Amino acid sequence: MRYRTIGTDPKTRREVSVLALGAMLFGSRTDEKTSFAVLDRYVEAGGNFIDTSDNYAFWTDDSQGGQSEALLGRWRRSRGIGDEIVIATKLGARPLAPGTGYIDNPEGLSAQVIREASERSRERLGVEKIDLLYAHIEDRGVAQRETVEGFGELVAQGSVGLLGVSNHAIWRVERARALAAAAGLPGYEVLQYHHSLLRPRVDVPSGLFPEGNLGAATGELLSYLKAEPALTLVAYSPLLTGAYVRQDKPLLSDYDHPGTPARLAVLRDVAKETGASPNQVVLAWQIGAELPVIPLAGASCVAQLEENLAAVDLELTPDQRARLDAAH
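Everything numeric here is computed off the predicted structure, so don't read it as measured data. (Residues numbered from 1 in each chain as written. Predicted model: local features only at pLDDT ≥ 70, side-chain atom pairs only at ≥ 80, totals over all residues. Heavy atoms only, no water.)

Enquirer: What is the right way to read the packing of helix 3 (residues 111-125) against helix 4 (residues 144-157) from this model?
Expert: Packed helices, taken two at a time, are described by the angle their axes make and the gap between the axes. Interhelical geometry of helix 3 versus helix 4 gives an angle of 30° and a closest axis separation of 8 Å. As far as their axial angle goes, helix 4 and helix 3 are roughly parallel. Every pair of crossing elements has a handedness; the one defined by helix 3 and helix 4 is right-handed. Across the interface between the two elements, Ala-111, Ile-114, Arg-115 and Ser-118 of helix 3 pack against Glu-146, Thr-147, Gly-150, Phe-151 and Leu-154 of helix 4. (Axes fitted to C-alpha atoms, helices over the stretch in contact; angles between N-to-C directions. Helix = DSSP H or I, 4+ residues; strand = E, 2+ residues; numbered from the N terminus. Parallel < 35°, antiparallel > 145°, perpendicular 65-115°, else oblique. Left-handed = near helix turned anticlockwise from the far one by under 90°. Contact = heavy atoms within 4.5 Å.)

Here's what the structure looks like:
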């Protein structure tokens, strides 16, 4: 396994594995025995960066979520896991009532929610301190200063280490970081966005993003990260839920544009040249990029995890990287 540092403050920064493990469906669609087996193998391989959220996976049983955090808590206790494993969780998108969702009825990012939701997450995870806590989705009904101060209070009291943000417009990320800096408070240091080799259209509105997709790693986001090297990009859904390799997992309509076939053709060529799977090429392309990315990949069985782990040691040539970067 290889590692990189997230965060800048010596008191809160952590060394994490370059491949993060997504626990979204652990404890719901992925049963406990399988989830524990995947977690055990990931740790055995040197992995130490696990991602969840307080709303995972509410859509599987019309609940408010919490199944994933609860399972991770049971796993930690049964294995005697301490702070050597970095667990990241999120708040802000938990439905306020069963049968609702994060579009119509989210918990939001008020100071009260931040305080109470983080406490519930700590209880489910069985930790005194959350290593990394994200603002999951935007809440434009709450002043950003209140959100910034709410997160800052958790860091000050020692119940949270690093702060992160996901699915926010970049201007709001920068505004929140500026507010934090002006107030002498910790700001967002880890940005979790959707990023993969294929590029989705970002102009298509949705319920969560009526102005177009704010959750994808656009050129603007990548440019921002190059200008702010202390920030870290964690890429969710890097493998497009299996669409690179499975016929039963077609690409979403967001990828139906002229750039997709060209990038897929280069991906297949590089996979053939390396003897690796397309999934492994995508992960290796992210891990070794000039702007390093930490891919966040889930696994519903140990075999899937093994495929992902092998990507850590896959070295692409400069020519292969250039072709993957340039295809459009």
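Enquirer: When you look at the nonpolar core in this model, what are you seeing that I'm missing?
Expert: Looking at soluble globular proteins, one finds that nonpolar side chains tend to be buried together. Ranked by size, the top nonpolar core spans 91 residues in total, and within it Phe-49, Ile-50, Phe-151, Leu-191 and Val-281 carry the most contacts. For this core, the element with the most residues is helix 8 (residues 278-287), which contributes six residues. Ignoring sequence-local partners within four residues, the contact set of Leu-191 consists of Val-165, Val-173, Leu-221, Tyr-224, Leu-225, Leu-231, Thr-232, Leu-233 and Val-234. (Core = buried A, V, L, I, M, F, W, Y, C linked by side-chain atoms within 4.5 Å. Buried < 20%, exposed > 50% of the residue type's maximum accessible area, 1.4 Å probe, protein only.)

Enquirer: How should the packing of helix 7 (residues 259-274) against helix 8 be read in this particular structure?
Expert: Relative to each other, helix 7 and helix 8 sit at 100°, their axes nearing to 9 Å. One finds that helix 7 runs roughly perpendicular with respect to helix 8. Judged by residue contacts, Arg-263, Leu-267, Val-270, Ala-271 and Thr-274 of helix 7 engage Pro-278, Val-281, Val-282 and Trp-285 from helix 8. Taken together, the residues of the contact of helix 7 with helix 8 sort by class into seven nonpolar, one polar and one charged. (Nonpolar A, V, L, I, M, F, W, Y, C, P; charged D, E, K, R; others polar.)

Enquirer: I tried to follow the packing of aromatic side chains on my own but got confused; where do I start?
Expert: The geometry of an aromatic ring pair is captured by two quantities: the separation of the ring centres and the angle between the planes. All chains considered together, the criterion is met by four aromatic pairs. Centre to centre, the rings of Phe-58 and Trp-59 are 5.2 Å apart; their planes meet at 85°, and the pair counts as edge-to-face. What makes Phe-58 buried here is its relative accessible area of 9%. Measuring from centroid to centroid gives 6.2 Å for Phe-151 and Tyr-188, while their planes differ by 75°, and the two rings are edge-to-face. (Phe/Tyr/Trp six-rings, centres within 6.5 Å; stacked < 30°, edge-to-face > 60°.)

Enquirer: Any chance you could explain the pattern of salt bridges here in plain terms?
Expert: One side chain can pair with another of opposite charge once the charged atoms of both are near each other. This model, assessed by the stated rule, comprises 19 salt bridges. Between Asp-40 and Arg-79 there is a salt bridge; the shortest N-O distance is 2.8 Å. Of the two residues, Asp-40 is situated in helix 1 (residues 32-44) and Arg-79 in helix 2 (residues 67-79); the sequence distance between them amounts to 39 residues. The exposure class assigned to Arg-79 is partly exposed, which follows from its relative accessible area of 38%. Arg-140 is the salt-bridge partner of Glu-211, the closest N and O atoms lying 3.3 Å from each other. Linking Glu-211 in the loop between strand 8 (190-194) and helix 6 (219-227) with Arg-140 in the loop between strand 6 (130-135) and helix 4, this pair joins segments that are 71 residues apart in sequence. (Salt bridge = Lys/Arg side-chain N within 4 Å of Asp/Glu carboxyl O.)

Enquirer: I'm lost on unusual backbone geometry in this one. Help?
Expert: A negative phi holds for most residues other than glycine; trans holds for most peptide bonds. Cis rather than trans, the peptide bond between Tyr-56 and Ala-57 has omega equal to -5°. Positionally, Ala-57 belongs in the loop between strand 4 (49-51) and helix 2. Of note in this structure, Asn-167 is not a glycine but carries a positive phi near 60°. Within the fold, Asn-167 resides in the loop between strand 7 (160-166) and helix 5 (170-182). Of note, Thr-241 is a non-glycine position whose phi angle comes to about 50°, a positive value.

Enquirer: Hey, could you run me through the pairing of strand 6 in this one?
Expert: Strand residues, when the strand is regular, have side chains that alternate between the two faces of the sheet. Burial within strand 6 is extensive, with six of its six residues counted as buried. Taken together, the four bridges between strand 5 (residues 86-91) and strand 6 define a ladder with parallel strand orientation. In the sheet register, Thr-89 faces strand 6, and the bridge partner there is Leu-133. Each parallel crossover has a hand, and for strand 5 linked through helix 3 to strand 6 it is right-handed. Taken together, strand 6, helix 4 and strand 7 constitute a β-α-β crossover, and its handedness is right-handed. (Pairing = 2+ DSSP bridges. Right-handed = clockwise from strand over helix to strand, strands pointing away.)

Enquirer: How should I be thinking about the pairing of strand 10 (residues 293-298) in this particular structure?
Expert: For strand 10, the tally of buried residues reaches five of six residues, placing the bulk of the element in the interior. Both strand 3 (residues 20-22) and strand 10 contribute to a ladder of three bridges, which runs parallel. Opposite Leu-21, over in strand 10, you have Ala-297 as the bridge partner. Sheet topology places strand 9 (residues 232-236) next to strand 10; four bridges connect them, and they run parallel. Paired with Tyr-236 across the bridge in strand 10 is Leu-296.

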